[in-house]
Amino acid sequence: MDKLSVLIASDSFKGSVSSLGIADLLEQGIHRVVPDCEVRKFAIADGGEGTVEAIVSGVGGEMREVEVSGPLGDTVCAHYGFIGEDTAILEMAEASGITLIEQNSDNALRASTWGVGQVMLDAIDHGAKRIYIGLGGSATSDGGAGMAKALGIRFLNADGEDIPCGLVGLGELASIDCSQMTDKLDGVEVVALTDVTSPLTGPDGAVCVFGPQKGIPADQTTHFDAWMARYAEIMNATVGRAVDAVPGSGAAGGLGAALVAFCGARIQRGIETLLDLIGLEDAMDGVDLVITGEGRMDSQSAFGKAPIGVAKRAKRHGIPVVAVVGGRADDLGTVYDEGIDLVLSIATGPITLAESIAHADTLVPIAGENAIRALLLGSKLRAEHESQEASAISSAA
């Protein structure tokens, strides 16, 4: 048999190990079984945490950092990347992420995306003509108004005064004034990356679906969604387009809507765009097995999540796909339908989430062993079957 080749492209196990970290651990397990196996490793993400690292490491770009306003106005250091001379890769969570503040009702109402606009401007000042923005992991529900304020757009109450930052300010909104918006975005292409298709408002929108995880009391989401709906009405009238109905406009607390309305952004599936940018499919030539994965796999993984994006690319080449996961749901029928051939949990026995995270450096390599052994078993069974078929044909002759 020719030397085996395995491609690893797993999402991070959030709260535990990065995407590249998972790849390194899986490689350890593979080499325990097949020491000379060629392993090709890629970091991936779906527009959330790890998007910048995945693209910059995959393409060979460079990282930058800038001090900007955090979700509650304090200063944070936001990192972003450049690939080539004029393409910037941002994660909104670097400036306005949920990990930067405590999740409670007061913070949820005040959290702003102002810093996201500041990162965009810094990227433009350094030559960006195209900006990709990952919309995952937000602390905010301000409809992207903070981002727009950083670009010079004014959000006014009935007295013509600037409204406060955050969702709380949208309750006072009466008009939007774009006359002082910066011209720095002229000629700049903006692409928003997300794995969700939520509209801006309504029961499937930014506040009702994602608000509670940011600290908005579940029994108050309808009340605050009405504020977002009023914002949508004024925004649509201002830009002359029904922005709130665009799939993904509710991503990152409504930042998707503001990027479309004020920056002319396109909203694209994060994983598909990322895989195109890093050239993952080209790297699949000659590969015998693709290993992907994520922290937890369930039926929702079939809808725009990173492992499915990888699996679909692999299936175009007829390559088997194993998903290594931290945990899994009982029913993964939709996942298998989308191209995953085998799901392996890293758990080797009854184990808590905390224990799984603490022992990932031991458990993930074992899963890598199991994945490559599954490939070898399949190859052995196929060879035996082909041998039996050949013998049967010979006997018949």
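Residues numbered from 1 in each chain as written. Predicted model: local features only at pLDDT ≥ 70, side-chain atom pairs only at ≥ 80, totals over all residues. Heavy atoms only, no water.

A. Highlighting the nonpolar core. Grouped together as the largest cluster of nonpolar side chains are 58 residues, with contacts concentrated most on Met-120, Phe-155, Tyr-231, Leu-259 and Phe-262. The element that contributes the greatest number of residues to this core is helix 10 (residues 251-263), accounting for ten residues. In contact with Met-120, not counting residues within four places along its chain, are Leu-90, Ile-131, Ile-133, Met-147, Leu-185, Val-190, Leu-259 and Cys-263. Counting 39 residues, the second largest nonpolar core, distinct from the first, contains Leu-274, Ala-314, Val-321 and Val-343. (Core = buried A, V, L, I, M, F, W, Y, C linked by side-chain atoms within 4.5 Å. Buried < 20%, exposed > 50% of the residue type's maximum accessible area, 1.4 Å probe, protein only. Helix = DSSP H or I, 4+ residues; strand = E, 2+ residues; numbered from the N terminus. Contact = heavy atoms within 4.5 Å.)

B. Layout of the pairing of strand 2 (residues 38-43). Both strand 1 (residues 5-10) and strand 2 contribute to a ladder of six bridges, which runs parallel. In the sheet register, Val-6 faces strand 2, and the bridge partner there is Val-39. Tracing the backbone out of strand 1, into helix 1 (residues 19-33) and back to the parallel element strand 2 gives a crossover that is right-handed. (Pairing = 2+ DSSP bridges. Right-handed = clockwise from strand over helix to strand, strands pointing away.)

C. Structural context of the packing of helix 8 (residues 206-214) against helix 9 (residues 221-239). Here helix 8 crosses helix 9 at 125 degrees, and the two axes come no closer than 9 Å. Comparing their axes, helix 9 and helix 8 come out oblique. The element helix 8 and its partner helix 9 pack so that their crossing is right-handed. Contacts between helix 8 and helix 9 involve Val-207, Cys-208 and Pro-212 on the former and, on the latter, Thr-221, Phe-224, Asp-225 and Met-228. (Axes fitted to C-alpha atoms, helices over the stretch in contact; angles between N-to-C directions. Parallel < 35°, antiparallel > 145°, perpendicular 65-115°, else oblique. Left-handed = near helix turned anticlockwise from the far one by under 90°.)

D. Structural detail: the sheet that holds strand 10 (residues 266-269). Strands sit in the order 3-4-5-6-9-10 across an open sheet of six strands; the sheet is mixed. In the strand order of this sheet, the two ends are held by strand 3 (62-69) and strand 10, each with one partner. Here the average twist between neighbouring strands, direction ignored, is 30 degrees. One ladder, built from four bridges, connects strand 9 (residues 189-194) with strand 10; its direction is parallel.

E. Spatial organisation of helix 10. If you check helix 10, its first and last C-alpha atoms are just 15 Å apart, much less than what 13 residues at 1.5 Å a residue would give, namely 18 Å. For helix 10, a buried count of 13 out of 13 residues is recorded, marking the element as mostly surrounded by other parts of the structure. Looking at the residues trailing helix 10, positive phi occurs at Gly-264, about 65 degrees. (Expected span 1.5 Å × (residues − 1).)

F. Looking closely at the sheet that holds strand 12 (residues 321-328). The five strands lie next to each other as 2-1-11-12-13, forming an open sheet whose pairing is parallel. Bordering the open sheet on either side are strand 2 and strand 13 (342-345), each of which pairs with just one other strand. Direction aside, the axes of adjacent strands within the sheet are offset by 25 degrees on average. Packed onto the sheet, helix 1 meets strand 1, strand 2, strand 11 (289-297) and strand 12 and runs at close to 165 degrees relative to strand 2.

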